[in-house]
Amino acid sequence: PPSHFSHLYKPNAAGKTIVLGIEGSANKCGVGVLAYDPQTSTYQTLSNPRKTYISPKGCGFLPKETSWHHQSHLVSIIRAALNEAYPNESHPQRHLSAIAFTLGPGMGGPLKTCAMAARSLSLLWKIPLIAVNHCIAHIEMGRVATSASDPVVLYVSGGNTQVIAYSDGRYRIFGETIDIAVGNCLDRFARVVGLSNDPSPGYNIELEARKHSKETPLKFVELPYVVKGMDVSFSGLLTHIEELTRRKDFVKDGQKQNEKQFTTADLCYSLQETIFAMLIEITERTMAHCGQNSVLIVGGVGCNLRLQHMMADMVSDRGGTLCAMDHRYCIDNGAMIAQAGMFGLQFGSEDMLVRMEDTECRQRFRTDQVEVVWRPKTRGKHA
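Please read these numbers as outputs of a predicted model, since none were measured by experiment.

Definitions and limits used
Residues numbered from 1 in each chain as written. Predicted model: local features only at pLDDT ≥ 70, side-chain atom pairs only at ≥ 80, totals over all residues. Heavy atoms only, no water. Helix = DSSP H or I, 4+ residues; strand = E, 2+ residues; numbered from the N terminus. Rg over C-alpha atoms; globule rule 2.2 N^0.38 Å. Buried < 20%, exposed > 50% of the residue type's maximum accessible area, 1.4 Å probe, protein only. Contact = heavy atoms within 4.5 Å. Lys, Arg positive; Asp, Glu negative; His and termini not counted. Charge placed at Lys NZ, Arg CZ, Asp CG, Glu CD. Pairing = 2+ DSSP bridges. 1 Å grid on protein atoms, 1.4 Å probe; cavity = no way out; pocket = protein on both sides within 12 Å on 5 of 7 lines; lining within 4 Å. Points joined across faces, edges and corners; volume = space filled by probe spheres on them. Axes fitted to C-alpha atoms, helices over the stretch in contact; angles between N-to-C directions. Left-handed = near helix turned anticlockwise from the far one by under 90°. Nonpolar A, V, L, I, M, F, W, Y, C, P; charged D, E, K, R; others polar. Phe/Tyr/Trp six-rings, centres within 6.5 Å; stacked < 30°, edge-to-face > 60°. Disulfide = S-S within 2.5 Å. Salt bridge = Lys/Arg side-chain N within 4 Å of Asp/Glu carboxyl O.

Draft legend 1. Broad picture of the overall build of the chain. Assigned secondary structure in the chain consists of ten helices and 15 strands. The C-alpha atoms of the chain give 22 Å as radius of gyration, which agrees with the globular expectation for 383 residues (21 Å, within 12%). Based on the C-alpha atoms only, the size of the chain along its principal axes is roughly 75 × 50 × 35 Å. For the chain, buried positions account for 55% of its 383 residues. Intrachain contacts of the chain at a sequence separation of at least 6 include 73% that bridge at least 24 residues. Within the chain, the 37 negative side-chain charges are centred at a point lying 3 Å from the centre of the 40 positive side-chain charges.

Draft legend 2. Representation of unusual backbone geometry in the model. Of note, the bond from glycine 104 into proline 105 is cis; its omega dihedral lies within 30 degrees of zero at -5 degrees. Considering the arrangement of structural elements, one finds proline 105 in the loop between strand E5 (98-104) and helix H2 (108-125). Non-glycine residue lysine 126 carries a positive phi angle of around 60 degrees. Among the structural elements, lysine 126 can be located in the loop between H2 and strand E6 (129-133). For lysine 126, a relative accessible area of 60% corresponds to the exposed category.

Draft legend 3. Geometry of the pairing of strand E1 (residues 17-23). Across the seven residues of E1, seven count as buried, placing the element largely inside the fold. The two faces of E1 match: Thr17, Val19, Gly21 and Glu23 on one face and Ile18, Leu20 and Ile22 on the other face are all buried. Of the strand pairs in this sheet, E1 and strand E2 (residues 28-37) are connected by seven bridges, and their pairing is antiparallel. Counted as the bridge partner of threonine 17 is tyrosine 36 from E2. With four bridges connecting them, E1 and E5 associate as parallel partners. From the neighbouring strand, leucine 20 faces E5, where its bridge partner is isoleucine 99.

Draft legend 4. Structural detail: the layout of surface pockets. Estimates place the volume of the second largest pocket at around 260 Å³. Lining the second largest pocket are 17 residues, with Glu208, Lys211, Gly254, Thr263 and Ala265 sitting closest to its centre. Among the elements that make up the lining of the second largest pocket, the one with the highest residue count is helix H7 (residues 264-290) (three residues).

Draft legend 5. Region of interest: the packing of helix H1 (residues 63-85) against H2. Direction vectors running N to C along H1 and H2 enclose 35 degrees, while the axes themselves pass 8 Å from each other. The two elements H1 and H2 meet at a crossing, and its hand is right-handed. Across from Pro63, Thr66, Ser67, His70, Gln71, Leu74, Ile78 and Leu82 in H1, the residues of H2 making contact are Gly109, Pro110, Thr113, Cys114, Ala117, Leu121 and Trp125. Among the residues making up the contact of H1 with H2, the classes are represented as nine nonpolar, six polar and no charged.

Draft legend 6. Quick peek at the side chain of threonine 66. You can see threonine 66 is positioned in helix H1. Residue threonine 66 is classed as buried on the basis of its relative accessible area, which comes to 0%. In this view, threonine 66 contacts Ala26, Asn27, Tyr53, Phe61, Met107 and Pro110; residues no more than four positions away in its chain are not counted.

Draft legend 7. Representation of the packing of aromatic side chains. Applying the stated rule across the entire model yields six aromatic pairs. Ring centres 5.4 Å apart and planes at 85 degrees place the aromatic pair tyrosine 43 and phenylalanine 343 in the edge-to-face group. Taken together, the residues tyrosine 43 in strand E3 (residues 42-47) and phenylalanine 343 in helix H10 (residues 334-346) connect sequence positions 300 residues apart. A centroid spacing of 5.7 Å and a plane angle of 25 degrees characterise the contact between phenylalanine 343 and tryptophan 374, whose relative ring orientation is stacked. Taken together, the positions of phenylalanine 343 in helix H10 and tryptophan 374 in the segment after H10 put the pair 31 residues apart, joining distant regions of the chain. Overall, phenylalanine 343 belongs to the buried group, its relative accessible area being 8%. Members of the aromatic cluster, joined through ring pairs, are Tyr36, Tyr43, Phe343 and Trp374.

Draft legend 8. A look at the state of the cysteines. Per the stated rule, a full pass over the model turns up zero disulfides. Sulfur of cysteine 330: no disulfide; nearest cysteine sulfur belongs to cysteine 303 and is 4.2 Å away. Cysteine 330 sits in the buried class, given a relative accessible area of 0%.

Draft legend 9. Examining the environment of glutamate 284 more closely. Take glutamate 284: it is sitting in helix H7. Counting along the chain gives 99 residues from glutamate 284 to cysteine 185, while the straight-line C-alpha distance between them is 22 Å.

Draft legend 10. Quick look at the sheet that holds strand E14 (residues 294-298). If you trace the five strands from one edge of the open sheet to the other, you get E9-E8-E7-E14-E15, paired in mixed fashion. Strands with a single pairing partner mark the edges of an open sheet, and in this sheet they are strand E9 (170-176) and strand E15 (321-323). Sheet twist, expressed as the mean angle between neighbouring strand axes with direction ignored, is 25 degrees. Relative to E9, strand E8 (residues 161-167) runs antiparallel, the two sharing six bridges.

Draft legend 11. Molecular detail of the pattern of salt bridges. For the structure shown, the criterion picks out 14 salt bridges. For arginine 285, the salt bridge is made with glutamate 281, and the minimal N-O distance between the two is 2.5 Å. Of the two residues, arginine 285 and glutamate 281 are both situated in helix H7; the distance of four residues between them amounts to about one turn of the helix. For arginine 285, a relative accessible area of 36% gives the class partly exposed. We classify glutamate 281 as partly exposed; its relative accessible area is 23%. Close ionic contact of glutamate 371 with lysine 377 constitutes a salt bridge, the shortest N to O distance being 3.7 Å.

Structure follows, in structure tokens:
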């Protein structure tokens, strides 16, 4: 590690490096404890509890209320994470080598809440702080969990939509949304048609879309398909589908009476098929450009099974492999912050091993702003 941390960083008495990660960039508040065993060169998630702020039906989550939620639950989640990792210890913090926290991007209030907790624990326990880019954490957790060495990454969540590939020491963004994120598009449409936020709006859209089958097919409603080069746009599509819900042909509840009518399930199905096709198109272009044959899907929307199946079909046609995860690691969690923090600690990242005065949160913090020192600094085919 850099010289100003060399006197603080140390493995624990068992020779393992343990990092506690704190995530709270949006409506998930999570704490993970991650261990590295040098004898087997493996990483193990010892605990990974989290709490989700679920806003009332028809409402999104606002920074103030989300911050209050995190403030109410963070101490108990930290205690739960340590007790699960070391159930028979009265002072489990003595095993920790460092504390990692989300520096950004994300919502200002929730970010500050978790950063304040990380700073306090760093001073209290006299261990170093590691500032982590939220997007990098998703990628590194996915690479470790799926054993994907050098994939094209589709990062899809409520706040981000990016197609990413590694080159020359950084994760390069090949395509992204030019307006709202895919998860934000799904969440806002769910509010329009009155779907619940529990457990998440996107998941409830997926459940509606799953009503489609060969025996009882849903109606596909044509929607704007907006791909501009390597980028995508969802705001116009969202406006269009919102307008459809105000038409006389829209049947919110009940059965269709004629072929012109369409239901909430029809629109959910059509929305998923359209936006996922857009994402797969720009992902395939990135694969072709980079000469890669594997794709890793990360972020909360990456849990969607329909997205995974559509991506698997495309990747299979190209003779490649799909690397995907379930909700444990796709959705925001503390272990992914600990994983990225672990890499930064072990490889001495000057970007991540920060002094206390450099821990101010950054709501805008792009994926390609972090030097990825733990991966070989070689140029890919696309450089």
